[in-house]
Amino acid sequence: MTRVAILDRDGTIIDVLRDEETGAITVAFHPDHIRLLPGAVEGMSALARAGFVLAIATNQPAPAKGQFSAEAVRRTNDALVERLSKQGIAIATVEACMHHPTGGAGGDPSLVRACDCRKPKAGMLEAIVARLGADRSRSWMLGDSSGDVQAGKAAGLKAGLVFATNRCELCPLRAGPTGLDPRLRPDAHGATLAELATAVTGSLAAALH
Ligand SMILES: [Mg+2]
Ligand SMILES: [Zn+2]
C-alpha cells in the first residue's frame with residue numbers, strides 16, 4: 001500500500017518573506033518569491049528513495065483575509081511543483097486551505113468560515129490519504145508548526161517536526177519538541193527537512209527489526 005509523506009509548505013519546503021525594514025513576515029504569493037529552504041530538496045529526495053509518495057498540505061488564508069488572491073496561491077503552488085520537478089522530485093498532489101474563520105477586510109466572503117480543512121484539523125490530510133489510497137500507519141505529516149503535528153495525529157498518521165532552534169522565539173515550540181504536551185509531541189524531529197527525513201527513514205528501518 002502507498003506510503004505518503006505529506007509536507008507543509010511554508011517554513012518546511014520554502015522560506016517565508018521578511019520585510020527588511022518593518023520586520024513583517026508574509027508567505028510567498030508569486031513564483032518569484034519561492035526560496036527553497038536548506039535541506040528541503042535533499043530531504044524530499046531521501047523520502048522518495050525510501051518509498052514515500054510526496055504530497056503538500058498548506059494553510060493559505062490570505063484570500064479569505066483579503067491579502068492576495070486565490071489565483072496567486074495556485075500560481076505559486078504550481079510554480080513550486082514545477083521547480084521541484086526540475087530537481088527530480090515528484091509531488092503527487094497539493095491541498096491548500098484558503099479558508100479563515102474570521103477573514104479580513106477585502107477578503108473573499110465565500111472563504112470566510114470555520115472549515116474542516118485548515119490545520120490543525122485533518123481535512124486536507126484525509127483528502128490526500130483517500131486520493132492516494134495511502135496506508136495511514138506507514139504515512140507521515142511533516143511540518144514546522146504544532147498545527148502540523150496535531151493535524152497529522154488527528155488523521156492517524158505519524159508526525160514529524162522541522163524545528164530550527166534559531167527561530168520562533170514567541171511560538172509554543174520554543175522550548176524544543178521534547179517535553180511538549182503529548183498531543184503536540186512529534187514522532188521525529190530535525191533542524192531541517194533533510195535531518196527530519198533521516199530521522200523518519202531511520203525509524204522505518206528500526207521498525208523492521
Ligand atoms: Mg509552516
Ligand atoms: Zn479550509
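Residues numbered from 1 in each chain as written. Chains lettered and ligands numbered in written order. Predicted model: local features only at pLDDT ≥ 70, side-chain atom pairs only at ≥ 80, totals over all residues. Heavy atoms only, no water.

**Student:** Looking at this structure, I do not really get the coordination of the magnesium ion (ligand 1). What am I missing?
**Tutor:** Each donor-metal-donor angle would ideally measure 109.5 degrees in four-coordinate tetrahedral geometry, or 90 or 180 degrees in six-coordinate octahedral geometry. In this structure, Asp8 (OD), Asp10 (O) and Asp144 (OD) serve as the protein donors to the magnesium ion (ligand 1), at separations of 2.1 to 2.2 Å. Each donor residue of the magnesium ion (ligand 1) lies on one chain, and together they are spaced D-x1-D-x133-D. Within this pair, whereas Asp8 is found in the loop between β1 (3-7) and β2 (17-18), its partner Asp144 is found in the loop between β6 (140-143) and α5 (146-154), the two being separated by 136 residues in sequence. Each member of the pair, Asp8 as well as Asp144, carries the same accessibility label: buried. (Donors = N, O, S within 2.8 Å, 3.2 Å for Na, K, Ca; no water. Helix = DSSP H or I, 4+ residues; strand = E, 2+ residues; numbered from the N terminus. Buried < 20%, exposed > 50% of the residue type's maximum accessible area, 1.4 Å probe, protein only.)

**Student:** I would appreciate a short explanation of the coordination of the zinc ion (ligand 2) in the present structure.
**Tutor:** Summarising the metal site, the zinc ion (ligand 2) is bound by the protein donors Cys97 (SG), His99 (ND1), Cys115 (SG) and Cys117 (SG), whose distances to it range over 2.1 to 2.3 Å. In this structure, the zinc ion (ligand 2) is surrounded by 4 donor atoms whose angles at the metal cover 101 to 122°, and the resulting shape is tetrahedral. Along the chain, the residues donating to the zinc ion (ligand 2) are arranged with the sequence spacing C-x1-H-x15-C-x1-C. Taken together, the residues Cys97 in strand β5 (residues 91-97) and Cys117 in the loop between β5 and α4 (123-132) connect sequence positions 20 residues apart. Residue classification places Cys117 among the buried residues on the basis of a relative accessible area of 18%. (Tetrahedral: all angles 85-135°; square planar, octahedral: opposite > 155°, others 65-115°.)

**Student:** Would you mind going over the packing of aromatic side chains with me for this structure?
**Tutor:** To describe a pair of aromatic rings, one takes the distance between the centres and the angle between the planes. A complete count under the given rule lists 1 aromatic pair for this structure. Aromatic pair Phe29 and Phe68: ring centres 4.6 Å apart, planes at 20°, arrangement stacked. Taken as a pair, Phe29 in the loop between β3 (25-26) and α1 (40-49) and Phe68 in the loop between α2 (62-65) and α3 (70-86) lie far apart in primary sequence, 39 residues in all. Residue classification places Phe68 among the buried positions, given a relative accessible area of 14%. (Phe/Tyr/Trp six-rings, centres within 6.5 Å; stacked < 30°, edge-to-face > 60°.)

**Student:** Any chance you could explain the sheet that holds strand β7 (residues 158-162) here in plain terms?
**Tutor:** Sheet strands associate in pairs through backbone hydrogen bonding, adopting either a parallel or an antiparallel arrangement. Spatially, the 6 strands line up as an open sheet ordered β5-β4-β1-β6-β7-β8, and their pairing is parallel. Only two strands of the sheet have a single partner each, and these edge strands are β5 and β8 (188-190). On average, each strand axis in the sheet is inclined to that of its neighbour by 20°, with strand direction left out of account. Alignment of β1 against strand β4 (residues 52-59), held across 5 bridges, turns out to be parallel. Note on β4: the bridge partner recorded for Arg3 is Phe52. Those strands touched by α3 are β4 and β5, and its axis lies near 160° from that of β5. Strands in contact with α4 are β1, β4, β5 and β6; relative to β5, the strand with the most contacts, it is inclined by about 150°. (Pairing = 2+ DSSP bridges. Axes fitted to C-alpha atoms, helices over the stretch in contact; angles between N-to-C directions. Contact = heavy atoms within 4.5 Å.)

**Student:** I would appreciate a short explanation of unusual backbone geometry in the present structure.
**Tutor:** For residues that are not glycine, phi is negative in most cases, and the peptide bond is trans in most cases. At the junction of Lys119 and Pro120, the peptide bond is cis and its omega measures out at 20° in the coordinates. Along the chain, the position of Pro120 falls in the loop between β5 and α4.

**Student:** Would you mind going over the nonpolar core with me for this structure?
**Tutor:** One broad trend across soluble globular proteins is that nonpolar side chains are buried collectively. The biggest cluster of nonpolar side chains holds 26 residues, and the ones touching the most others in it are Met44, Leu47, Leu54 and Leu142. Of all elements in the fold, only β1, α1, β4, α3, β6 and α6 (193-207) reach the threshold of two or more residues within this core. Those residues in contact with Leu142, other than ones at most four positions away along the chain, are Ala5, Ile6, Leu7, Asp8, Thr12, Leu47, Gly160, Leu193, Leu196 and Val200. (Core = buried A, V, L, I, M, F, W, Y, C linked by side-chain atoms within 4.5 Å.)

**Student:** Would you mind going over the environment of His99 with me for this structure?
**Tutor:** Take His99: it is sitting in the loop between β5 and α4. Judged by relative accessible area, which is 12%, His99 ranks as buried. Taking the C-alpha atoms as reference points, His99 and Glu71, 28 residues apart in sequence, are found 14 Å from one another. In this structure His99 touches Pro61, Ala64, Leu111, Arg113, Cys115, Cys117 and Arg118, once residues within four positions along its chain are discounted.

**Student:** I keep staring at the side chain of Gln60 and nothing clicks. Help me out?
**Tutor:** Inspection of the secondary structure assignment puts Gln60 in the loop between β4 and α2. A polar contact of 2.7 Å, which involves the side chain of Gln60, links it to the side chain of Thr58. If sequence neighbours within four positions are ignored, Gln60 has contacts with Arg9, Asp10, Val27, Val73, Cys97 and Met98. (Polar contact = N/O pair within 3.5 Å; in protein donor to acceptor, adjacent residues only side chain to side chain.)

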